[in-house]
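Coordinates in review
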Amino acid sequence: MRHPTAHLKRFVRALLLTAILAASQASANVDVLYPYNHGGRLCLNLWASNLLDDRTASTIESGLPGTCVYHIRLLDSDGATVTEHLIELSLRLDLWENLYLLQEEEQISFNTLAAADSAWSHREGIVLCALGELAGDAEYRVEAQVVVTPLAAEDRARLSRYVTSNSSRKREELSLDLGGLFGQLLRRANSDDNHTGFTSPLFRIRNLEERR
Amino acid sequence: MKPATLRFRKSILIPLLLFAVGANAGPIGDVPTEHAARSAQRQLILQEIQVTPGGTIEKIVRRHICLELGDAIDSAALLYAREQLEAVVVLKNVEMYTAPGERPGAVVLHVDAEFDRDFHFESGLGQEPLENWYLNLISVRRANGHNRGGYWRIGYHTRSRTDGFHLNVIHPRLFGDYIDLLHEAEAVIHMWPVWDEDRNYYQAIHQIKVELGLRRWSRDDVITTLWLGINGFKPAKQLEDFEIDDDDNDEIDITGRLVPIPRDGEGHLGLHLDLHLDRSNPLRPWREGYCYDARFTFANPADTDLWWGAELDGKMALPLRENWAFAVRGRSAFLRGTTPHYLRLLLGGPQNLRGFKPGILTGSRGALGLWQINSELRIPLRDRAANTPRLTGTLFLDMGDNWRADWRHGGFSAAAGCGLLIRSPWVKVINIEVACPLTDTEHADECLVMLTLGRSF
C-alpha cells in the first residue's frame, strides 16, 4: 500500500512542473559564459535557461531520463577551435525514493525538479585547458551550445542513420541513402559556418580574473 | 483471434512448436535490459502507446514497434525502438517521449512520426546464398502517393559475372489493417555452380519473374504470405570456367553429363505459401527466443509435370550465464517431381552449412532432400551488457546430409569453426568466420574464411 503522502507529493510535483513549463516556453539556450583563471587553468562558469521543454520534463516525471549536453568551444580571434569540451548530464526521477537524480561523473539527488533544473542549468568550474597552452597576448572567446532531449543523448545526425539493412529469404542487403547522406553532410558544412550558440566577448588570458 | 484461424495455425505450427519445447525463456521483454535485470521490483512498465498523428501512421507504428504493453522498458529499449521505426522506410522524423502512467512505474509512450515522401537514391552491398556478394549499383525508392504506408523500389544489381534489375512494390493494408499486397519483379542472371573433377564451372540462368503476394500480419507474430507468379528461365547451353578471366572465354558445351541439356525456354506458374513465426526478443534476438519459417511450393511447368516441395527452418537462442547464448538451427526440405536442377536444394556456404563453398555438398544437379543442424555458442567480448555487443565471439559446429536425383545419398558432412561478430555503426553487424570441414568431401577446401552481413542464423 502506498504512503498517504505519496499522492500529495505527486500533486505538488505536477504543480511545480506546470509552473516550470509555463516559465520556459522558449527553447534551451546558454545566457552567460564567464571565463576565469583558476590555479593556472582556464575555467568557465556557465548559466543556461529554459532547459526543460515539456517533453523532456514529462519524460523525467515518468521515471525515464532527460539528457542535457553542453558543447563548449574555446575559439581564437579568427574563429578557429583551440579546444572543445562536452558535458553530458542525465536527470531522472527515482519514483520509489521520490528523488531527482542528476548524473554526471557522480550522482546528486534533489527533492524537487526545480532544484535539479537549477543545478544542471548552472555549471561552475568547467576546466577548459591549462593557461600555459595559450598565448598571453592573443584574444580568445568561448562559445557554448546546449541540447536537451528526452531519453538518452544520441547523435541524431549520425551518418549511420542513412544506412539501412534489408533482409529477406533470399538476400541480405545494406543500402546507403545517397541523398540523405549528402544532404546531411551539406547541412553540417553549413552549420559549421553559422554557429548558433552563445558566444562570450573576446578576452586576453593575462586580463582574466584570478580566482582561488 | 478467430477460432477457425487458430485451428488452422495449430495444424500448421504444432510440429514446429514441438521442436521448440523448452525454448521459451519467459515472456519476451521480461529481461530486455540491464536495468530490468538489476531491479526486478523497480521496473518501469509500458502502459500505453500514443501515436501522433493517428490514422495510417499510427497503424504503421503499432505494427512495427518492437514493444508491447506490459513490457519492462528503459531508455535504451526506447531508443532501440525508435531506431527500428526509423528503419521503416516510409517514416521519418520519428520522435519519442514518455509521460507518467496511471500508477507509479507505469509509463505512457508518445511517438511522433511523419510520412517520408522523398525520393531516395540508394547504393550498397548485398549477399545472396548462391552468388554471394553483389553490388547494388543504384536503386530508387519512394513511398507510394496514396499514403497507405506502401513504397516501391527499383534497382540494378551487378556482380562479377551476373547482373539484373529488381523491382519491388509493397502496398500495405490494401484489404484491411493487417493485409498487404506485394508485387515483385526481377530480371536477373543467376550463376549455378557446376563441379567436374578438379574444375569449377558455372551455368548462367537467365530468369524473369513476376509475382503477386498477399501478406497477412497477425497479432501473435505470425506472418503468412501467399505468392502467385510466373517464372521464365533460359539456362545457358555452355558452361563457363569459374577460374578463367572473361577474356579467355573458356566455355564447354553441355552434354548432359554434368547438368541436363537445357531447353530453349523453361518456365512455370508458381504458388508459394510462406509462414513466419517470430518470438525472438526484439532487443536481443541473438540471445533469447525462437523463430520458425515454413515454405510450401507448388509449380506447374508449361511442358512437364507438376512439382512441389516443402521447407521447414527453425532457429532458437537460449540465454546462458554472463550474457552468453547458445543458438541452434534446424532446417529440413524436400522436393517432389521434375524440379529443374537450378531450382533444387542447396547445401553448403555461409549462412547455410559453413566450412563449404555454396552448394558444393549438393553437387551440380542440386538435391531433392536435405537436413542440416547449425549450433553456435555466442560469447560477448566487448560492450558485453549492450543489447547488441560491440564484439561477439562464436564457436560453431554445423552438420547436414542430402539426397540427390533418384534419391541417391549425398553423404553426411560436418564442419566446425569460430567467428567474430562486429557491430559497426555503419554496416550494422558484420560476421567473419573461419571453418574447417570435419568430413571428407569432394572439392572441399581444408579451411574456409567467410565474410557475411549479419549473424549466420
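Model, not experiment: these values are computed from the prediction.

What follows is about the sheet that holds strand E2 (residues 41-49) of chain A. All names here are of chain A. Overall, mixed pairing links the four strands, which are arranged E7-E2-E1-E13 in an open sheet. Whereas interior strands pair on both sides, the edge strands pair on one side only; in this sheet they are strand E7 (122-130) and strand E13 (210-211). Here strand E1 (residues 29-38) runs beside E13; their pairing, made up of two bridges, is parallel. Directly across from His38, in E13, lies its bridge partner Arg211. Together, E2 and E7 form the strand contacts of helix H3 (residues 113-121), whose direction differs from that of E7 by roughly 20°.

Opposite the 39 residues of chain A that make contact, chain B presents 53 residues. Summing both partners gives a buried area of about 3,900 Å² for chain A against chain B, and 50% of it is carried by carbon and sulfur. Taken together, the links from chain A to chain B amount to one salt bridge. A salt bridge links A:Arg55 to B:Asp112, with the nearest nitrogen and oxygen atoms 2.3 Å apart. Summed over the shared surface of chain A and chain B, the number is 10 residue pairs in polar contact (both at pLDDT 80 or more). Of all the secondary structure elements, the ones that give two or more residues to the side of chain A that touches chain B are helix H2 (54-61), strand E9 (163-167), strand E10 (172-177) and helix H4 (178-193) of chain A. At six residues, E10(A) tops the list of elements feeding residues into the side of chain A that touches chain B.

A few words now on a nonpolar patch on the surface. All names here are of chain B. On the surface, a nonpolar cluster with roughly 1,000 Å² of combined accessible area is contributed by Leu174, Phe175, Leu214, Leu226, Leu228, Ile230, Leu269, Leu271, Phe298, Leu306 and Trp308. Elements with a contribution of two residues or more to the nonpolar patch: strand E11 (222-235) and strand E14 (266-278). Looking at the nonpolar patch, the element that brings in the most residues is E11, giving three residues.

Our next topic: the environment of A:Leu208. Residue and element names in this part refer to chain A. Here Leu208 shows up in the loop between strand E12 (203-204) and E13. The buried category is assigned to Leu208, whose relative accessible area is 13%. Those residues within four positions of Leu208 in sequence are excluded, and the remaining contacts are Pro35, Tyr36, Asn37, Leu42, Leu131 and Phe203.

Right, let's get into unusual backbone geometry. One can expect most non-glycine residues to show negative phi and most peptide bonds to be in trans. All names here are of chain B. Cis rather than trans, the peptide bond between Thr52 and Pro53 has omega equal to -5°. In this structure, Glu322 takes a positive phi of about 55° despite not being glycine. As for its placement among the helices and strands, Glu322 is situated in the loop between strand E16 (307-319) and strand E17 (325-336). Of note in this structure, Asn323 is not a glycine but carries a positive phi near 70°.

Cut-off values and rules
- Residues numbered from 1 in each chain as written.
- Chains lettered and ligands numbered in written order.
- Predicted model: local features only at pLDDT ≥ 70, side-chain atom pairs only at ≥ 80, totals over all residues.
- Heavy atoms only, no water.
- Pairing = 2+ DSSP bridges.
- Helix = DSSP H or I, 4+ residues; strand = E, 2+ residues; numbered from the N terminus.
- Contact = heavy atoms within 4.5 Å.
- Axes fitted to C-alpha atoms, helices over the stretch in contact; angles between N-to-C directions.
- Buried area = accessible area lost by both parts, 1.4 Å probe.
- Salt bridge = Lys/Arg side-chain N within 4 Å of Asp/Glu carboxyl O.
- Polar contact = N/O pair within 3.5 Å; in protein donor to acceptor, adjacent residues only side chain to side chain.
- Patch = residues over 30% accessible without salt bridge, like charges linked within 9 Å, V, L, I, M, F, W, Y side chains within 5 Å.
- Areas by Shrake-Rupley, 256 points an atom, 1.4 Å probe, with all protein chains shown as cover.
- Buried < 20%, exposed > 50% of the residue type's maximum accessible area, 1.4 Å probe, protein only.

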